[in-house]
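Remarks on the overall topology
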Amino acid sequence: MLPKKNRIGWKYFLIAMPFMIYVIAFYFVPLFGWIYSFYNYNPALSFSQLKFVGFDNFVKIYNERSEIYRVLKNTLAMSLLLILVTPLPLIAAVMINEVKHGKYKRFIQTVTTLPNFISWIVVFSLTFAVFSSDGLYYTLLRNLHLDVPIIGIMGNNGAAWFFQAGLYVWKTIGWTMIIYMAAIAGIDSEQYEAARIDGAGKFGLMRYITIPGLGPTFFVLLLLQISNLLNNGLDQFLVFYNPLVADKLNVLDYFIYQVGWAVSDYSYATVLGMVKSLLGIALLFAVNYLSKKTKGESIL
């Protein structure tokens with residue numbers, strides 16, 4: 001019979017097994033598909049019938065560099081905007097932590113976290129109902145006899161990046177706040193008691209105890225955000241994409257989707273996905289090196 005310690009270890013291993021299988025099946029097995037980047041892939045042909053083209057699909061990236069530059073500009077612009085608003089969940093968590101009324105605090109946490117579990121299709125439906133030309137917002141402006149733009153915010157090319165960044169923040173801020181709330185709960189309460197004895201008020205406690213205590217968590221989340229510069233996701237841009245803002249919302253993930261499914265150039269889409277993944281890994285190791293140099297700690 002196995003010792004108690006080993007039995008507990010096997011129990012945890014079996015609990016983790018479904019998640020390990022999921023990760024292997026959906027994150028590692030598809031890597032074998034990278035081999036199709038060296039072939040002219042055709043779903044109707046077997047692998048032995050495919051034409052080997054070597055690095056022709058990689059050269060295609062250089063040949064279409066003007067389009068790639070435009071897509072990268074959109075991708076980096078969206079990522080940099082999201083990096084700029086990284087402190088917002090921290091600020092919101094600190095403010096909610098100061099709310100002493102339990103029911104009101106739980107209500108705020110529930111309302112801010114709920115959008116994270118709503119799909120982007122539902123978010124688009126709500127946004128369309130409010131911000132379309134005949135939506136609630138512009139109808140209200142007309143009823144107040146105010147100037148209404150001919151093209152609404154959803155078709156405003158100049159505001160497309162900021163509008164999408166705002167929607168992303170609205171959808172994810174509550175979920176990120178949970179991480180900071182957990183970090184606040186982990187701060188030693190004796191530090192607060194000592195600060196109160198020294199005469200610190202609420203703002204003093206926030207400035208000298210809470211915010212410095214959240215520093216390591218904020219730093220790690222910021223570095224992870226930087227390592228995901230090329231990952232904007234597909235769902236959001238797939239549902240909000242329209243001809244009026246097409247040149248601003250065509251980010252790298254959506255461009256790969258277009259190449260693979262709309263154009264059916266599977267080999268080229270595989271190359272783009274491969275290069276994006278490799279650059280993402282390089283960014284991750286770069287920010288890990290930065291973490292070691294600045295904080296003396298590794299995030300990997």
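Located above this text is the structure these notes cover.
Reference entry: report on the structure contained in this document. (Residues numbered from 1 in each chain as written. Predicted model: local features only at pLDDT ≥ 70, side-chain atom pairs only at ≥ 80, totals over all residues. Heavy atoms only, no water.)

Now for the environment of Phe 203. Mapping Phe 203 onto the fold places it in helix α10 (residues 202-227). It is 38 Å that separates the C-alpha atoms of Phe 203 and Gln 236, two residues lying 33 residues apart in sequence. (Helix = DSSP H or I, 4+ residues; strand = E, 2+ residues; numbered from the N terminus.)

A word on helix α6 (residues 120-131). Under the 1.5 Å per step criterion, the end-to-end length of α6 is 15 Å for 12 residues, consistent within 8% with the ideal 16 Å. Buried residues along α6 sit in contact with α8 (160-185) and α11 (235-240). (Expected span 1.5 Å × (residues − 1). Contact = heavy atoms within 4.5 Å.)

Another point: the pattern of salt bridges. In the structure shown here, the tally under the stated rule is 4 salt bridges. Taking the shortest distance from any N to any O, the salt bridge between Glu 67 and Arg 70 comes out at 2.5 Å. With a gap of 3 residues between them, Glu 67 and Arg 70 both fall in helix α3 (residues 65-84), about one helical turn apart. Looking at Arg 70, the relative accessible area reads 24%, which means it is partly exposed. Across the salt bridge formed by Asp 253 and Lys 276, the nearest N and O atoms sit 3.3 Å from each other. Separated by 23 residues along the polypeptide, Asp 253 in helix α13 (residues 252-262) and Lys 276 in helix α14 (residues 266-295) bring together distant segments of the chain. Each of the two residues, Asp 253 as well as Lys 276, counts as buried. (Salt bridge = Lys/Arg side-chain N within 4 Å of Asp/Glu carboxyl O. Buried < 20%, exposed > 50% of the residue type's maximum accessible area, 1.4 Å probe, protein only.)

What follows covers the packing of aromatic side chains. Inspection of every chain in the model, using the stated rule, returns 21 aromatic pairs. Ring plane angle 35° and centroid distance 6.0 Å describe the contact between Phe 124 and Phe 128, whose orientation is recorded as tilted. Of this pair, Phe 124 and Phe 128 both sit in helix α6, 4 residues apart, which is roughly one turn of that helix. When its relative accessible area of 26% is taken as the criterion, Phe 124 is described as partly exposed. Ring centres of Tyr 254 and Tyr 257 lie 5.8 Å apart, and the angle between their planes is 40°; on these two criteria the pair is classed as tilted. (Phe/Tyr/Trp six-rings, centres within 6.5 Å; stacked < 30°, edge-to-face > 60°.)

Turning our attention to the nonpolar core. Residues Ala 93, Met 177, Ile 184, Tyr 192, Ile 209 and Leu 214 are the most contacted members of the largest nonpolar core, which totals 20 residues. Elements that contribute at least two residues to this core include exactly α4 (87-97), α8, α9 (189-197) and α10. Tallying contributions element by element places α8 first for this core, with 7 residues. Discounting residues that sit within four places of it in the chain, Ile 209 has contacts with Ile 187, Gln 191, Tyr 192, Ala 195 and Gly 204. Formed by 18 residues, the second largest nonpolar core is a distinct cluster that contains Met 78, Leu 81, Val 123 and Met 154. (Core = buried A, V, L, I, M, F, W, Y, C linked by side-chain atoms within 4.5 Å.)

Honestly, that's just the spatial picture; any functional story needs more than this.
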